[in-house]
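The chain contents come next:
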Protein chains: 2
Amino acid sequence: MKKMIIASTSTIYGSKYLEYLLPTLATFFKDVKTLLFIPYARPGGISYDAYTAIAQKAFKKININVKGIHEFENANETILHAEGVFTGGGNTFELVNQIYKNDILNSLKQIVNNGIPYLGTSAGSNICGVTMMNTNDMPIVYPPSFKTLGCINFNINAHYLDPIEGATHMGETRETRIKEFHVFNETPVLGLREGSWLSVENETITLEGKYTARLFTPNKKPVELESGVAVVV
Amino acid sequence: MKKMIIASTSTIYGSKYLEYLLPTLATFFKDVKTLLFIPYARPGGISYDAYTAIAQKAFKKININVKGIHEFENANETILHAEGVFTGGGNTFELVNQIYKNDILNSLKQIVNNGIPYLGTSAGSNICGVTMMNTNDMPIVYPPSFKTLGCINFNINAHYLDPIEGATHMGETRETRIKEFHVFNETPVLGLREGSWLSVENETITLEGKYTARLFTPNKKPVELESGVAVVV
């Protein structure tokens with residue numbers, strides 16, 4: 001029993017925070033009065049309070065209260081009693097670091113597997129995979145492990161970017177990086193473009209939004225998955 | 001006593017491997033007959049042999065032999081007897097992982113501090129800093145630590161990229177990522193654009209190449225450093 005939304009990004013260009021997802025979220029969280037927010041990823045290093053205020057403002061539009069996990073004394077207990085959970089984007093290394101420091105990996109996994117609705121955006125989506133090894137973030141802190149929730153049987157590359165034609169920059173393309181990952185690892189990787197999300201309903205994973213997504217499997221040619229279709233990895 | 005070249009990239013757009021640096025390297029390595037190459041970063045996951053062959057081909061043009069460190073039984077001993085060392089680019093996580101696995105961090109630091117000429121490009125430059133925390137690479141393996149050589153008292157962000165005007169992608173700019181780093185860390189960071197390198201001569205560090213470099217220090221506005229001028233951090 002699982003009920004998840006795993007989104008590439010919180011915000012699409014020219015639109016407000018979570019705006020493009022709110023109609024979907026209103027239905028997804030329809031039985032949730034108070035949503036538990038995990039602000040650990042701290043985009044741009046903002047405080048937990050400031051980040052939680054941003055989530056509160058967005059969810060107020062669909063009449064859902066938001067509480068930050070840092071407002072509670074026992075993070076683990078708080079997770080176990082949550083009606084719904086949202087992990088926001090930011091830096092995946094710091095997010096994972098705090099998940100281990102606050103010892104909530106197992107409780108988070110447990111409630112997601114029990115069907116408590118979970119929303120992740122960006123870094124909050126990366127942690128749904130087997131490891132955080134396909135993040136695009138800078139390693140600004142050293143987490144105790146790269147192992148994450150494993151609520152889906154592949155990894156996420158959020159904010160997936162196609163190679164830019166005619167680029168003169170010599171840094172690797174996203175595709176090159178993911179292929180490099182597969183020299184060392186077997187886990188498939190799904191490149192989710194901004195504006196795409198996965199809807200997980202029990203064991204069925206469906207790609208949503210208007211774009212295709214790019215699936216990388218070791219020793220196979222990458223394939224484009226169509227929106228609206230079940231993702232089989 | 002130090003003698004280092006710390007380059008943003010091995011290859012600039014429209015030019016062959018190391019080509020733009022060869023005239024400088026001919027002088028820099030003038031007393032070196034056989035250069036020790038560290039291929040651990042494996043760009044694109046290529047083999048140590050294939051990567052070493054690429055370095056050999058480039059250095060042949062300036063009459064320098066290249067031997068890969070993997071060709072020797074004892075990596076640590078080999079480092080301690082090297083005439084000169086070149087660490088190539090690729091994935092910084094895997095490079096640092098192998099540096100720890102082969103236990104060469106201290107010996108490498110020792111010979112660099114003793115004045116053995118050292119060339120780093122990209123990942124091989126990242127490891128000259130205090131930590132590898134400003135790499136742009138994907139964390140495809142989990143190294144035992146992010147601590148690196150500390151032969152300079154700041155970190156390197158190689159392949160530094162200015163924000164792209166009018167970009168619609170919502171991923172963070174390089175500057176945003178480095179500022180995020182400074183929420184958690186005090187180490188200054190130098191953004192080195194492709195085609196720039198640092199020349200280290202004892203305790204004097206000079207920026208070379210035709211571009212300025214961008215220095216980030218916690219709680220200060222970033223500053224552009226001029227080429228040809230000593231870098232004081």
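Just so you know, these numbers come straight off a predicted model, no measurement behind them.

Rules and cut-offs
- Counting starts from 1 at the beginning of each chain's written sequence and moves along it residue by residue.
- Working convention: letters from A go to chains and numbers from 1 go to ligands, in the order in which they are written.
- Local features in this predicted model are restricted to residues whose pLDDT is 70 or higher, and side-chain atom pairs enter the listing and the counts only when it is 80 or higher, whereas totals over whole chains, interfaces and linings include all residues.
- The side-chain quantities take in all heavy atoms of the structure and omit both hydrogens and water.
- The helix count covers DSSP runs of H or I at least four residues long, the strand count covers runs of E at least two residues long, and both are numbered beginning at the N terminus.
- Only protein chains enter the accessibility calculation, which uses a 1.4 Å probe; a residue is then buried when its area is under 20% of its type maximum, exposed when over 50%, and partly exposed in between.
- Here a polar contact is recorded for every N or O atom pair within 3.5 Å, except that within protein the pair must consist of a potential hydrogen donor and a potential acceptor, and residues adjacent in sequence are included only if both atoms are side-chain atoms.
- A pair of strands is treated as paired once DSSP finds two or more bridges between them.
- Looking down the strands as they point away from the viewer, one classifies a crossover as right-handed if the path from the first strand across the helix to the second runs clockwise.
- What sets the superposition is a least-squares fit of C-alpha atoms, and only residues with pLDDT of at least 70 in both copies go into it.
- Only heavy atoms enter the contact rule, under which two residues are in contact if any of them lie within 4.5 Å.
- Think of a 1 Å grid over the protein atoms and nothing else: a 1.4 Å probe that fits but is trapped marks a cavity, an open set flanked by protein within 12 Å on at least five of seven lines marks a pocket, and residues with an atom within 4 Å of a point count as lining.
- Grid points are joined across faces, edges and corners, and a volume is the space filled by probe spheres set on the points.
- We call Asp, Glu, Lys and Arg charged. Ala, Val, Leu, Ile, Met, Phe, Trp, Tyr, Cys and Pro are nonpolar, and the rest, Gly among them, are polar.
- Pairing of aromatic rings covers Phe, Tyr and the six-membered ring of Trp, with a centre-to-centre limit of 6.5 Å; geometry is then stacked below 30 degrees between planes, edge-to-face above 60, and tilted otherwise.
- Put simply, a charge is over a ring when the Lys NZ or the Arg CZ is close to the ring centre, within 6 Å, and near the line of the ring normal, within 35 degrees.
- Buried area: the accessible surface (1.4 Å probe) lost by two parts on joining, summed over both.
- For salt bridges, the criterion is a side-chain nitrogen of Lys or Arg within 4 Å of an Asp or Glu carboxyl oxygen.
- Only the contacting stretch of a helix is used when fitting its axis, a line to C-alpha atoms as for every element, and angles between N-to-C directions run 0 to 180 degrees.

### Quick word on the side chain of Asp137(A)
Residue and element names in this part refer to chain A. Following the sequence through the fold, aspartate 137 ends up in the loop between helix H6 (123-126) and strand S6 (155-157). Assessed through its relative accessible area of 9%, aspartate 137 is described here as buried. For aspartate 137, the side chain forms a polar contact with the side chain of threonine 92, separated by 2.6 Å.

### Notes on the pairing of strand S3 (residues 65-68) of chain A
Residue and element names in this part refer to chain A. Because side chains alternate across S3, one face comprises the buried residues Val66 and Gly68, and the other comprises Asn65 and Lys67, none of which is buried. Here strand S2 (residues 34-38) pairs with S3 via four bridges, running parallel. Of the residues in S3, the one forming a bridge with threonine 34 is asparagine 65. Running through helix H2 (residues 48-60), the crossover from S2 to the neighbouring parallel element S3 is right-handed.

### Re the relation of the copies chain A and chain B
Between chain A and chain B, which share one sequence, the superposing operator has a rotation angle of 180° and an axial displacement of 0.0 Å; the RMSD is 0.0 Å. In symmetry terms, the pair is related by a two-fold rotation axis. Counting the interface residues of chain A, we find that 98% of their copies in chain B are interface residues as well, pointing to one common contact surface.

### Concerning helix H7 (residues 174-184) of chain A
The complete set of buried residues in H7(A) reads Arg174(A), Glu175(A), Arg177(A), Ile178(A), Glu180(A), Phe181(A) and His182(A). Summarising the contacts, the buried residues of H7(A) are in contact with S6, strand S7 (189-191) and strand S10 (213-216) of chain A.

### Describing the layout of surface pockets
For the largest pocket, the calculated volume is near 1300 Å³. Forming the walls of the largest pocket are 47 residues, and the residues nearest its centre are Leu161(A), Ile164(A), Arg174(A), Leu161(B) and Arg174(B). Elements with a contribution of two residues or more to the lining of the largest pocket: H6 and H7 of chain A together with helix H6 (123-126) and helix H7 (174-184) of chain B. A per-class count over the lining of the largest pocket returns 16 nonpolar, 20 polar and 11 charged. The volume enclosed by the second largest pocket comes to roughly 390 Å³. Contributions of two or more residues to the lining of the second largest pocket are made by H7 of chain A together with helix H2 (48-60) of chain B. In terms of residue class, the lining of the second largest pocket is built from six nonpolar, 11 polar and two charged.

### Some thoughts on the packing of aromatic side chains
Taken as a whole and assessed by the stated rule, the structure comprises 24 aromatic pairs over all chains. Considering the side-chain rings of Tyr142(A) and Phe146(B), the 4.7 Å spacing of their centres and the 80° angle between planes classify their relative orientation as edge-to-face. Linking Tyr142(A) in the loop between H6 and S6 with Phe146(B) in the loop between H6 and strand S6 (155-157), this pair reaches from one chain into another. Exposure remark for Tyr142(A): the relative accessible area of 28% places this residue in the partly exposed category. Judged by its relative accessible area of 2%, Phe146(B) falls in the buried class. A centroid spacing of 5.9 Å and a plane angle of 50° characterise the contact between Tyr160(B) and Phe216(B), whose relative ring orientation is tilted. With a gap of 56 residues between them, Tyr160(B) in the loop between S6 and H7 and Phe216(B) in strand S10 (residues 213-216) connect regions that are remote in the sequence. Residue classification places Tyr160(B) among the buried positions, given a relative accessible area of 3%. Through a chain of ring-to-ring contacts, three or more aromatic side chains come together here, namely Phe28(A), Phe29(A), Phe37(A), Tyr51(A), Phe59(A) and Phe86(A). We note Arg42(A) situated over the ring of Tyr48(A); from NZ or CZ to the ring centre the distance is 5.8 Å.

### So, the interface of chain A and chain B
When the parts come together, some accessible area is lost, and that loss is often what is quoted as the size of the interface. Listed per partner, the contact involves 46 residues of chain A and 45 residues of chain B. Of the roughly 3700 Å² buried where chain A meets chain B, counting both sides, 65% is carbon and sulfur surface. Looking at the side of chain A facing chain B, the largest losses of area belong to Met138(A), Ile140(A) and Tyr142(A), adding up to 20% of the total buried there. Taken together, the links from chain A to chain B amount to two salt bridges. One salt bridge in this structure joins Arg177(B) and Asp137(A), with 3.9 Å as the shortest N-O distance. In this assembly, chain A and chain B are joined by 15 residue pairs in polar contact (both at pLDDT 80 or more). If you list the elements that add at least two residues to the side of chain A that touches chain B, you get helix H4 (92-101) and H7 of chain A. Per-element accounting of the side of chain A that touches chain B gives the leading share, seven residues, to H7(A).

### Some thoughts on the environment of Gly191(B)
Residue and element names in this part refer to chain B. Among the secondary structure elements, glycine 191 is positioned in strand S7 (residues 189-191). Judged by relative accessible area, glycine 191 falls into the buried class, the value being 0%. Among residues more than four places away in sequence, those in contact with glycine 191 are Asn157, Tyr160, Ala213 and Arg214.

### As for the sheet that holds strand S11 (residues 223-225) of chain B
All names here are of chain B. The mixed open sheet is built from four strands, whose spatial order is S6-S7-S10-S11. Among the strands making up the open sheet, the edge pair consists of S6 and S11. Neighbour-to-neighbour, the strand axes of the sheet open up by a mean angle of 30°, direction not taken into account. Looking at chain direction, S10 and S11 are connected through three bridges and run antiparallel. What sits directly across from alanine 213, in S11, is leucine 225.

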